[in-house]
Amino acid sequence: MPTAELARLARPQRPVALRILPGLLVSFGAAGVSIALGSWVAGLSAMLVAILLGAGLSNLTGPQSPVMQQLQPGLAVASRRLLRLGVVLLGLQLALSDIVALGWPIIVGVVVIVAGTMTVTIALGRLLKVGPEQSLLIAGGFSICGAAAVAGVDAVLAKRKDAEAATAVALVVIFGTIMIGVMPGLTGMLGLDPETAGIWTGASTHEVAQVVAAAGIIGPQALKVAVLVKLARVLMLAPVMAIISIQQRSLAAPEPGRKRPPLVPLFVIGFIAMVGLRSLGVLPDIVLTGAKVAETWLLAAAMFALGSAMHFSVLKKAGRRPVALAALATVVVMALGGGVAFAEHFLTA
């Protein structure tokens with residue numbers, strides 16, 4: 001055996017905490033930069049900036065570079081553990097009373113949009129010969145709440161690949177950004193009233209920040225409705241993750257001496273608990289504000305870590321089929337969202 005190899009094997013391994021620290025520190029630093037830029041530029045999503053920073057670092061240094069190898073343990077923790085903590089805190093932004101106030105047609109419509117988009121996208125993935133995990137990641141991200149949903153689905157997959165999650169996140173960013181221009185233009189061209197335009201925008205656009213940007217162009221009344229409809233879609237994260245987890249659990253053959261994962265992931269239970277706590281109205285504003293800040297930092301750090309897996313070679317290797325599937329998923333969610341918006345318009349006319 002070469003001397004260098006013997007020296008490497010003889011070198012004592014650093015404690016786990018020291019190995020993950022560099023990646024975590026860089027992830028939180030990038031989150032801080034992303035949040036600052038998002039606060040300075042109106043309509044700019046901190047999540048989007050974090051993803052782009054992660055992708056930039058990976059593409060500039062190379063995924064196998066010494067820098068990325070040094071950061072990888074901490075990035076892996078950020079992309080999974082921090083993401084789950086962020087999703088749990090996301091529940092504190094959702095009050096059931098706000099969702100109920102939308103009315104039963106919208107609530108039923110949101111369920112139809114999420115279930116319909118998931119089902120059709122997975123079916124289209126089979127037709128396009130896109131892998132089942134990749135199809136599921138794209139379906140989750142495009143039907144529920146963008147990159148956070150992609151990461152949530154990735155967290156419960158029995159067989160996961162960082163490259164597939166990175167591809168799905170990249171597609172959410174690309175097509176969601178396109179929607180910022182499409183929805184105001186389309187609703188304006190059709191002469192829709194602000195409420196109908198807001199419902200359609202919130203029901204069809206991928207990321208919460210993208211919904212805010214698109215509906216903000218339409219107007220303040222549309223923005224208020226769009227955000228509530230989008231939050232109703234976010235609320236679907238819990239049941240969808242639970243269903244996928246149960247399905248994936250049945251697919252994963254247990255290894256000797258290893259227990260199966262729980263039927264419902266702990267972070268999904270935490271998300272539901274936080275929604276219930278917020279809905280009780282017992283938390284003071286200062287706690288909700290602090291939780292929102294923490295959630296933003298955690299999700300931005302997780303998005304940076306996910307973005308770091310988004311190397312150009314990964315997207316090139318993914319090929320045209322996932323891109324085609326993402327485009328079709330966007331059309332599907334727009335069609336279903338439009339159907340819900342127009343149905344609500346005629347029911348209340």
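In what follows, the structure referred to is the one given above.
This structure is a prediction, so every number in the text was calculated from the model and none was measured. (Residues numbered from 1 in each chain as written. Predicted model: local features only at pLDDT ≥ 70, side-chain atom pairs only at ≥ 80, totals over all residues. Heavy atoms only, no water.)

Asker: Before we move on, could you go through the nonpolar core and cite the residues and values that matter?
Answerer: Within the largest apolar cluster, 90 residues are counted, with the highest numbers of intra-cluster contacts made by Phe142, Ile144, Val229, Met241, Ile244, Phe271 and Met303. Ranked by the residues each element gives to this core, the list is headed by helix H15 (residues 285-307), at 11 residues. Among all residues touching Met303, those that are not within four sequence positions of it are Met47, Ala50, Ile51, Leu83, Ala147, Ala148 and Ala151. (Core = buried A, V, L, I, M, F, W, Y, C linked by side-chain atoms within 4.5 Å. Buried < 20%, exposed > 50% of the residue type's maximum accessible area, 1.4 Å probe, protein only. Helix = DSSP H or I, 4+ residues; strand = E, 2+ residues; numbered from the N terminus. Contact = heavy atoms within 4.5 Å.)

Asker: Kindly report on the pattern of salt bridges, identifying the contributing residues and their values.
Answerer: For the structure on display, the rule yields one salt bridge. Across the salt bridge formed by Glu295 and Lys292, the nearest N and O atoms sit 3.7 Å from each other. Pair noted here: Glu295 and Lys292 are both in helix H15, with a separation of three residues, about one helical turn. A relative accessible area of 3% means that Glu295 is categorised as buried. (Salt bridge = Lys/Arg side-chain N within 4 Å of Asp/Glu carboxyl O.)

Asker: Got a sec to walk through the side chain of Thr121? Specific residues and values, please.
Answerer: Here Thr121 lies in helix H6 (residues 104-127). Residues within four places of Thr121 in sequence aside, it is in contact with Ser135, Ile138, Ala139, Leu325 and Ala329.

Asker: Just give me the short version of a nonpolar patch on the surface, but keep the residues and values in it.
Answerer: Taken together, the side chains of Trp104, Val108, Val112 and Leu347 present a nonpolar region at the surface, about 450 Å² in accessible area. Considering every element that reaches the nonpolar patch, the biggest residue donor is H6, with three residues. Tracing the sequence through the fold places Val108 in helix H6. Residue classification places Val108 among the partly exposed residues on the basis of a relative accessible area of 45%. (Patch = residues over 30% accessible without salt bridge, like charges linked within 9 Å, V, L, I, M, F, W, Y side chains within 5 Å. Areas by Shrake-Rupley, 256 points an atom, 1.4 Å probe, with all protein chains shown as cover.)

The values are spatial; any link to function lies outside them.
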